[in-house]
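Overview (structure and organization)
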Amino acid sequence: MTEETPLWEVFIRPRNGLSHKHVGSVHAADAELALQAARDVYTRRGEGVSIWVVPSRAIVASDPARKDENFEPAASKIYRHPTFYDIPEEVGHM
Amino acid sequence: MEQRLKDALFRQLVRLGDDCLILGHRLSEWCGHAPMLEEDLAMPNMALDLIGQARALYTLAGEIEGKGRAEDDFAYLREEREFTNCLLVERPNGDFAHTMLRQLYFAAFMQPYWHAAQGSAHDGFAAIAAKAVKEMAYHVRHAGEWVIRLGDGTEESARRMREAVDELHRFTPELFETDAVTDALAEAGLAPDPASLRPEWDRVVDEVFREARLERPQRFFPRSGGRAGLHGEDLGHLLTELQYVARAHPGARW
């Protein structure tokens, strides 16, 4: 079954102007059927205006064992967050 | 609208409503039994499109008839002989190949039907058409892609697809039948002439069949009678299940 119908990762864009977000995966024999399966499984309640499907095997993932060395060094560098500026009110939301 | 045309439109709305309800019910029978989870959602999705169309069609039919009948009266409280769906839609699901081919045959007819019906002189009917035409376009695409993959797939899938064609093709000429009802409606610009949709149906089915490496049967015996309420045995069994709760608990609300 999985050889004939490999896994595809599904990304949905909820509205124009927003980016595609990962929502889950489907099994399908090829790209066209993967798009249709994604449409049928993940957009039944009006969730999207655009779908991407990507073969799961094409995704390169970071190694969970390297979580500490990858992500912990960022935790202590609060100066990277632009939270030390006073924004004039006229500017509004940025 | 003169009474003659009202009667014709009423009968056509019930025919279309019956087509949608019965095929919607057939597709819903797959729920929980599809070959894969993705199709287990895809087929009920299509079923719900069709049942939604049936509801709108029955409701409008009841309004035009003016005798106080609502959608449930049409769906649950009519006998087998009062159903005027075409025979194709009541055919049993068979295997997945049968179900997808039946869907392609029906949707390839209804998509151009609704496309043309958007220009109906009756606003309510035109509005139903405008919603349904998009739903049927997806059914054509989804069923068509499966027919292509099964027809041009493995030895077994190709054999099953050919068997489905042999079994179901004889029910397709009924889709294009005309009579006093369809003639009157076409003449008044109220609903499309079914016979006029044949070239578009041929084009879509031929295109899918070419990619699927399938051939239409050269010789077959066309079956018909559904529009006159003459059905196969299978419709009775379907209605038994469809109508059981409503008939066992008359007037119940849920």
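Preceding block: the structure.
None of these values were measured; they are calculated from a predicted model. (Residues numbered from 1 in each chain as written. Chains lettered and ligands numbered in written order. Predicted model: local features only at pLDDT ≥ 70, side-chain atom pairs only at ≥ 80, totals over all residues. Heavy atoms only, no water.)

Thoughts on the overall build of chain A
Looking only at helices and strands, one finds 2 helices and 3 strands in chain A. Scanning chain A from its N terminus toward the C terminus, one meets helices and strands in the order β-β-α-β-α. Against the 2.2 N^0.38 benchmark of 12 Å for 94 residues, chain A shows a C-alpha radius of gyration of 19 Å, more extended than a compact globule. Over its C-alpha atoms, taken along the principal directions, chain A stretches across nearly 55 × 40 × 15 Å. Taken across its 94 residues, chain A has 22% of its residues classed as buried. Across chain A, every contact between residues at least 6 apart in sequence was considered, and the portion connecting residues at least 24 apart equals 44%. For chain A, the computed accessible surface area is about 7400 Å², with 54% contributed by carbon and sulfur atoms. Measuring between centres, the 11 positive side-chain charges of chain A sit 2 Å from its 14 negative side-chain charges. (Helix = DSSP H or I, 4+ residues; strand = E, 2+ residues; numbered from the N terminus. Rg over C-alpha atoms; globule rule 2.2 N^0.38 Å. Buried < 20%, exposed > 50% of the residue type's maximum accessible area, 1.4 Å probe, protein only. Contact = heavy atoms within 4.5 Å. Areas by Shrake-Rupley, 256 points an atom, 1.4 Å probe, with all protein chains shown as cover. Lys, Arg positive; Asp, Glu negative; His and termini not counted. Charge placed at Lys NZ, Arg CZ, Asp CG, Glu CD.)

Brief notes about the layout of surface pockets
Approximately 590 Å³ is the volume attributed to the largest pocket. Forming the boundary of the largest pocket are 18 residues, of which A:Glu4, B:Trp146, B:Leu150, B:Thr154 and B:Ser157 lie nearest the centre. Elements represented by at least two residues in the lining of the largest pocket include exactly helix 5 (96-117), helix 6 (123-151) and helix 7 (155-168) of chain B. The class makeup of the residues in the lining of the largest pocket is 8 nonpolar, 4 polar and 6 charged. In this structure, the second largest pocket occupies an estimated 300 Å³ of space. Lining the second largest pocket we find B:Asp72, B:Asp73, B:Tyr76, B:Leu77, B:Ala246, B:His249, B:Pro250, B:Gly251, B:Ala252, B:Arg253 and B:Trp254. Element by element, the count of residues in the lining of the second largest pocket is highest for helix 3 (residues 71-76) of chain B, at 3 residues. Grouping the amino acids of the lining of the second largest pocket by side-chain chemistry returns 6 nonpolar, 2 polar and 3 charged. (1 Å grid on protein atoms, 1.4 Å probe; cavity = no way out; pocket = protein on both sides within 12 Å on 5 of 7 lines; lining within 4 Å. Points joined across faces, edges and corners; volume = space filled by probe spheres on them. Nonpolar A, V, L, I, M, F, W, Y, C, P; charged D, E, K, R; others polar.)

Examining the nonpolar core
Residue and element names in this part refer to chain B. Ranked by internal contacts, the top residues of the largest apolar core, which has 93 residues, are Leu101, Tyr113, Trp114, Phe125 and Val147. The biggest single contributor to this core is helix 5, with 14 residues. Not counting residues within four places of it along the chain, the set of residues in contact with Val147 comprises Met100, Leu101, Leu104, Met161, Val208, Phe209, Ala212 and Leu214. (Core = buried A, V, L, I, M, F, W, Y, C linked by side-chain atoms within 4.5 Å.)

Overview of empty space enclosed by the protein
By the definition in use, this model includes 1 cavity of 30 Å³ or more. Taken as a whole, the largest cavity encloses approximately 70 Å³ of empty space. Considering the residues around the largest cavity, the lining is formed by A:Thr5, A:His27, A:Ala28, A:Ala29, A:Leu33, A:Ala37, B:Met36, B:Glu38, B:Glu39, B:His142 and B:Trp146. Elements that contribute at least two residues to the lining of the largest cavity include exactly helix 1 (31-42) of chain A together with helix 2 (37-65) and helix 6 of chain B. Tallied by class, residues from the lining of the largest cavity come to 6 nonpolar, 3 polar and 2 charged.

Looking at the pattern of salt bridges
All names here are of chain B. Considering all chains together, one arrives at 26 salt bridges over all chains under this definition. As a salt-bridge pair, Asp234 and Arg91 come within 3.7 Å of each other at their nearest N and O atoms. With a gap of 143 residues between them, Asp234 in helix 10 (residues 233-248) and Arg91 in the loop between helix 4 (87-90) and helix 5 connect regions that are remote in the sequence. Residue classification places Arg91 among the buried residues on the basis of a relative accessible area of 16%. Notably, a salt bridge pairs Arg198 with Asp202, separated by 3.5 Å at the nearest N-O pair. Pair noted here: Arg198 and Asp202 are both in helix 9 (residues 198-212), with a separation of 4 residues, about one helical turn. Salt bridges sharing common partners tie together Asp95, Glu156, Arg159, Arg160 and Glu163. (Salt bridge = Lys/Arg side-chain N within 4 Å of Asp/Glu carboxyl O.)

Spatial relationships are all this shows, so hold off on functional conclusions.
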